[in-house]
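Structural features, examined
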Amino acid sequence: MQKKHTGKPILFSIISVLTLLLAALFLMLPKRDFSENENRTLAALPTLSAAGVTGGAFQEDFEDYLADHFPLRDRFLSLSVRAERLIGKKEVNGVLFCAGDRLIDVYRAPENAEKFVAAANRLKNDLTAARVTVMVAPTAVTLYADTLPTYAEAVMPVKQTEALKQLADRLKESGVRFVDIRPALEEARAAGEDLYYRTDHHWTTVGAYRAYLALAPTLGFNANEGLADDFAVASNTFYGTTWSKVCDRSVAPDVIALYENPAWAGTLRVLYEDTGE
């Protein structure tokens, strides 16, 4: 007697229904021009043309369009990352999951170091009456190296500290003044200050302020001391661009602090030229 295999038709039916449902959602849901989560412009629907099809450009652009506007894209990404973390992965999509609920981008060797040095030299030669000074900010991969997972060196063969030293040596050789702010930042971090966001590659308001204080003696201006006491919380639900690569809600959001000067009340206005706001 021949057995009937009912499992395969049922599985096929489920997959078909899900595929049709996703296709319907893709057609019905409104398309966004900009992703606030990823802080970038999303791919637009490409224009169909014979040249584009034969050259392959249309297919590539349409694939980017589908990927950017896939229904529930962020949720699927989050589920995928959660699954990878459950099997023990500490690096996903170029992001390292570090101690202290911190996300750090995998460091890559700089590709434009020579262009940077050349630009600084041109500026030095053009501004003969001024002293050119360069301050390069290290990232969290250097300031929070003790939080990196044990295998981090395997995915980051080049250390940022070495790259910064090479850059500083090149600039000093050509007469450009280089300011190393790492000691000041390391001292501030040892004192318990949060210098870099846990979910973003930028430094915090406090980190920028400490860099400003460290730069002041070299440039010869009097820094405003004690402003850190006037920082106020502007948001406690911030997720940065590093987080947007993994969309893992198990990571706690960051806090954004701003400096508030009572003397600026009603007099300070910020204008964004690109939007006019």
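1. Overview of the environment of Cys98
Within the secondary structure, Cys98 is located in strand 4 (residues 95-98). Taking C-alpha positions, Cys98 is 9.0 Å from Asp146, a pair spaced 48 residues apart along the chain. Leave out the neighbours within four places in its chain, and Cys98 touches Ile104, Thr147, Leu148 and Pro149.

2. Considerations on a negative patch on the surface
Residues Glu60, Asp61, Glu63 and Asp64 make up a contiguous surface patch of negative charge. Note that Glu63 resides in helix 3 (residues 57-68).

3. As for the nonpolar core
Taken as a class, soluble globular proteins show a tendency for nonpolar side chains to be buried jointly. If you look at the biggest cluster of nonpolar residues, it comprises 27 residues, and the most contacted ones within it are Leu96, Ile104, Tyr144, Leu148, Met156, Leu195 and Tyr196. Elements represented by at least two residues in this core include exactly strand 4, helix 6 (140-143), helix 9 (182-190) and helix 10 (205-219). Here the element with the most residues in this core is helix 10; it accounts for 5 residues. In terms of nonpolar packing, the next biggest core, distinct from the first, is built from 10 residues, Val81, Val92, Cys247 and Val251 among them.

4. Quick word on the side chain of Thr242
Structurally, Thr242 is set in the loop between strand 8 (231-238) and strand 9 (254-259). You can call Thr242 buried: its relative accessible area is 1%. Beyond its immediate sequence surroundings of up to four residues, Thr242 is in contact with Val95, Leu103, Ile104, Asp105, Thr199, Asp200 and His201.

5. Let's talk about the sheet that holds strand 3 (residues 91-92)
Spatially, 3-4-5 is the arrangement adopted by the 3 strands of the open sheet, whose pairing is antiparallel. Each edge of the open sheet carries a strand with a single partner, namely strand 3 and strand 5 (102-105). Relative to strand 4, strand 3 runs antiparallel, the two sharing 2 bridges. Residue pairing in the sheet places Glu91 in a bridge with Leu96 of strand 4.

Calculation notes
- Residues numbered from 1 in each chain as written.
- Predicted model: local features only at pLDDT ≥ 70, side-chain atom pairs only at ≥ 80, totals over all residues.
- Heavy atoms only, no water.
- Helix = DSSP H or I, 4+ residues; strand = E, 2+ residues; numbered from the N terminus.
- Contact = heavy atoms within 4.5 Å.
- Patch = residues over 30% accessible without salt bridge, like charges linked within 9 Å, V, L, I, M, F, W, Y side chains within 5 Å.
- Areas by Shrake-Rupley, 256 points an atom, 1.4 Å probe, with all protein chains shown as cover.
- Salt bridge = Lys/Arg side-chain N within 4 Å of Asp/Glu carboxyl O.
- Lys, Arg positive; Asp, Glu negative; His and termini not counted.
- Charge placed at Lys NZ, Arg CZ, Asp CG, Glu CD.
- Core = buried A, V, L, I, M, F, W, Y, C linked by side-chain atoms within 4.5 Å.
- Buried < 20%, exposed > 50% of the residue type's maximum accessible area, 1.4 Å probe, protein only.
- Pairing = 2+ DSSP bridges.

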